[in-house]
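One letter stands for each residue in the lines below.
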Amino acid sequence: MELLQQVDHLRCGRAPLPEPPGWSADEAARVLLLTALPADHATHAESLYRHGDAAERRAVLKALPLLPIGAAGAPLLHDAIRTNDTRLVTAALGPYARHLDPAAWRQAVLKCVFTGVPLAVVHDLDARADGELAAMLAGLAAERQAAGRTMPADATALLDRLTTGSVPITAREA
């Protein structure tokens, strides 16, 4: 209800909302409309995503964890992660990314590193990070070093946490 009041107050423009961070009024309005549909949320989400512009696609991706659809929206995440639109990649790595299998999730994390998306947007990063992701990041770091380029600070920090054992043991063994 608080989100609805903020949307009404802002008249559904594109202004950022104070809470939750990273949401704009138009995204929140689209999400509220999608969640208010009486049934068949997965079909509606798929259709809106496939036929929508980038703003509509982002709103659908942000709505996925709020919809009673289980993993049915995972193909939309895969599509968003394949794009070059960092805003879609960011939206795809929110809470609904729990439906990505480990290999796809790791690739999405690397895509963030490649494209400059801050790793802070990756929901449950430390909980899902594992030895395989550490190996992938180490390989990327070696390639970048050989090319005279650096790794983003957040990727280096994650690699350090993974290799020093400061990520919880359950995540490292996953």
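The following refers to the structure shown. (Residues numbered from 1 in each chain as written. Predicted model: local features only at pLDDT ≥ 70, side-chain atom pairs only at ≥ 80, totals over all residues. Heavy atoms only, no water.)

Quick word on the nonpolar core
Part 1 of the reasoning: Residues Leu61, Leu64, Leu93, Leu119 and Leu137 are the most contacted members of the largest nonpolar core, which totals 49 residues.
Part 2 of the reasoning: Elements represented by at least two residues in this core include exactly helix 2 (25-36), helix 3 (41-51), helix 4 (54-63), helix 5 (74-82), helix 6 (86-92), helix 7 (102-115), helix 9 (131-146) and helix 10 (153-164).
Part 3 of the reasoning: The biggest single contributor to this core is helix 7, with seven residues.
Part 4 of the reasoning: If sequence neighbours within four positions are ignored, leucine 64 has contacts with Ala45, Ile69, Gly73, Leu76, Leu77 and Tyr96. (Core = buried A, V, L, I, M, F, W, Y, C linked by side-chain atoms within 4.5 Å. Buried < 20%, exposed > 50% of the residue type's maximum accessible area, 1.4 Å probe, protein only. Helix = DSSP H or I, 4+ residues; strand = E, 2+ residues; numbered from the N terminus. Contact = heavy atoms within 4.5 Å.)

Brief notes about the layout of surface pockets
Part 1 of the reasoning: Taken as a whole, the largest pocket holds about 490 Å³ of empty space.
Part 2 of the reasoning: Together, 21 residues line the largest pocket, and Trp23, Lys62, Thr90, Ala91 and Gly94 are the ones closest to its centre.
Part 3 of the reasoning: Of all the secondary-structure elements, those providing two or more residues to the lining of the largest pocket are helix 4 and helix 6. (1 Å grid on protein atoms, 1.4 Å probe; cavity = no way out; pocket = protein on both sides within 12 Å on 5 of 7 lines; lining within 4 Å. Points joined across faces, edges and corners; volume = space filled by probe spheres on them.)

Things to note about helix 7
Part 1 of the reasoning: Relative to the 20 Å expected for 14 residues at 1.5 Å per residue, helix 7 spans 20 Å between its end C-alpha atoms, a close match to the ideal helical length.
Part 2 of the reasoning: Where helix 7 is concerned, the buried positions are Ala104, Trp105, Arg106, Ala108, Val109, Leu110, Lys111, Cys112 and Val113.
Part 3 of the reasoning: Positioned one or two residues after helix 7, glycine 116 has a phi angle of 85 degrees, which is positive. (Expected span 1.5 Å × (residues − 1).)

Thoughts on the pattern of salt bridges
Part 1 of the reasoning: Applying the stated criterion across every chain, the model contains eleven salt bridges.
Part 2 of the reasoning: When the shortest N-O distance is used, the salt bridge between aspartate 79 and arginine 82 registers 3.7 Å. Within this pair, aspartate 79 and its partner arginine 82 are both found in helix 5, separated by three residues, close to a single helical turn.
Part 3 of the reasoning: Looking at aspartate 79, the relative accessible area reads 16%, which means it is buried.
Part 4 of the reasoning: Judged by relative accessible area, arginine 82 falls into the exposed class, the value being 60%. (Salt bridge = Lys/Arg side-chain N within 4 Å of Asp/Glu carboxyl O.)

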